[in-house]
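As a plain string of letters, each chain reads:
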Amino acid sequence: MRLLFKAAGEGLPLVLLHGFPLSAAQWDPNFARLRERHLVVAMNLRGLGGSPAAESATMEEMADDVAETLGALGIARAAVCGCSMGGYVALAMWKRHRERVGALVLADTRAVADSPEQKAGREEFARAVLEGGPAVAAERMMPKLLSAAAPEGTREFVRSLIHANRAQGLAAALRGMGARPDSTPLLETIDVPALLVCGAKDTISTPEEMRGLAARIRGASYVELPGAGHLSNMEAPGAFSDTLTGFFKERA
Ligand code: MLT
């Protein structure tokens, strides 16, 4: 499936994959800075941010969509940066479309699969969203996405992105995340430059867990952003963008 995206800039192609329950607009706070050095393509994953929806939205299907959309854009290879669910998709890209991945940035994400309890929780959440709409996703996720110190403007922006999504797309993504396999064995196969970024106050994918991921990837860099919660690119946009551009500048 071809995805809706926002693209600008020139230089090393950089694909940005958003988290749940958001859209490509998650990267708005980073866009201006990143496009100074990169051809930035922020994708709206299937069923979210206005991209076409489908009954099923596994991380593998989302990765196939990203590869297809890159192909349509004539981008053979790109640095792939995914936040949280976007990180699950980035790892699925590494599994299925390795030739397209020139570097990996994994932000506030995890490699393990859901436990049986978490899977059941996803299904219950999906049903609740189908019944109650995106407001249910906002109510459940808002307390976990940002640190207590996040400014009200950021909070309102995140809420507006959640509300702009449709229940169908949100439910499919929840079921897709619940079905994702354990990607831990993939980590040691990563042989492209890898950068891991984590908000120091992230309670979903904690610094401790992300340090563990970094330890399994040969030569990976790990950067913690002080004060930021799960959506570290939104809470510390300057530091996040500078970390990425610095990482790629060093390797240019
Ligand atoms: C996300 O931010 O994408 C989600 O919190 C990931 C998840 O629920 O596993």
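The rules we used
- Counting from 1, residues in each chain are numbered in the order their sequence is written.
- With the structure being a predicted model, the display of local features is reserved for residues of pLDDT at least 70 and the display and counting of side-chain atom pairs for 80 or more, all residues being used for whole-chain, interface and lining totals.
- Computation of side-chain values: all heavy atoms of the structure, hydrogens and water removed.
- Side-chain atoms within 4.5 Å are what join buried Ala, Val, Leu, Ile, Met, Phe, Trp, Tyr and Cys residues into a set we call a nonpolar core.
- Throughout this description, buried means an accessible area under 20% of the type-specific maximum (1.4 Å probe, protein chains only), exposed means over 50%, and partly exposed covers the range between.
- Secondary structure elements are defined from DSSP: runs of H or I of at least 4 residues count as helices, runs of E of at least 2 residues count as strands, and each element is numbered from the N terminus.
- Only heavy atoms enter the contact rule, under which two residues are in contact if any of them lie within 4.5 Å.
- Axes here mean lines fitted to C-alpha atoms, for a helix over just the part in contact, with angles spanning 0 to 180 degrees between N-to-C directions.
- In this scheme, roughly parallel covers angles under 35 degrees and roughly antiparallel covers those over 145, while 65 to 115 is roughly perpendicular and the rest are oblique.
- We call a residue near a molecule or strand whenever a single non-hydrogen atom of that residue lies within 4 Å of it.
- The definition of a polar contact used here is a pair of N or O atoms within 3.5 Å, where within protein one atom must be able to donate a hydrogen and the other to accept one, and adjacent residues in sequence count solely through side-chain atom pairs.
- Using a 1.4 Å probe, accessible areas were evaluated by the Shrake-Rupley method; residue-level cover was limited to the displayed protein chains.
- Gly counts as polar in this scheme, as do all residues outside two lists: the nonpolar Ala, Val, Leu, Ile, Met, Phe, Trp, Tyr, Cys and Pro, and the charged Asp, Glu, Lys and Arg.
- Being paired, for any two strands, means DSSP has found at least two bridges between them.

Engineer: How should the nonpolar core be read in this particular structure?
Structural biologist: The nonpolar side chains of a soluble globular protein tend to be buried, and buried together. Membership of the largest hydrophobic core comes to 91 residues, with the highest contact counts inside it found for Leu17, Phe20, Val66, Met85, Val158, Ile190 and Leu244. Considering every element that reaches this core, the biggest residue donor is helix α3 (residues 85-96), with 8 residues. Apart from the residues lying within four places of it in its own chain, the contact partners of Val158 are Leu22, Met142, Leu145, Leu146, Leu231 and Met234.

Engineer: What am I meant to see in the packing of helix α4 (residues 116-132) against helix α5 (residues 134-145) here?
Structural biologist: The axes of two packed helices give the description: the angle between them and the distance between them. In the contact formed by α4 and α5, the axes pass within 6 Å of each other and the chain directions differ by 130°. In terms of their interaxial angle, α4 and α5 are classed as oblique. Residues Glu124, Phe125, Ala128, Val129 and Gly132 of α4 form the contact with α5, whose own contacting residues are Pro134, Ala135, Val136, Ala137, Arg140 and Met141.

Engineer: What exactly am I supposed to notice about the site of the ligand here?
Structural biologist: Lining the immediate environment of the ligand, one finds Gly19, Phe20, Ser84, Met85, Tyr88, Arg122, Met141, Met177, Ile204 and His230. Here Arg122 contributes a side-chain N or O atom positioned 2.8 Å from an oxygen atom of the ligand. Residue His230 places a side-chain N or O atom 2.8 Å away from an oxygen atom belonging to the ligand. Protein chains bury 94% of the 270 Å² of accessible surface belonging to the ligand in isolation. Across the shell around the ligand, the residue classes break down as 6 nonpolar, 3 polar and 1 charged.

Engineer: What's the story with the sheet that holds strand β7 (residues 221-225) in this structure? I'm lost.
Structural biologist: Backbone hydrogen bonds hold the strands of a sheet together, and the pairing may be parallel or antiparallel. The strand order β1-β3-β2-β4-β5-β6-β7 describes an open sheet built from 7 strands, whose pairing is mixed. The sheet is open, and its two edges are formed by β1 (5-8) and β7, each paired on a single side. Shown here is a sheet whose adjacent strand axes are inclined to one another by a mean of 15°, direction ignored. The pairing of strand β2 (residues 12-17) with strand β3 (residues 38-43) spans 6 bridges and is classified as parallel. For Pro13, the partnering residue across the bridge sits in β3 and is Leu39. Where helix α9 (residues 207-216) meets the sheet, it contacts β5 (101-107), β6 (194-199) and β7, and its direction lies at approximately 175° from that of β6. Running at roughly 165° to β6, helix α11 (residues 237-251) makes contact with β2, β3, β4 (78-83), β5, β6 and β7 of the sheet.

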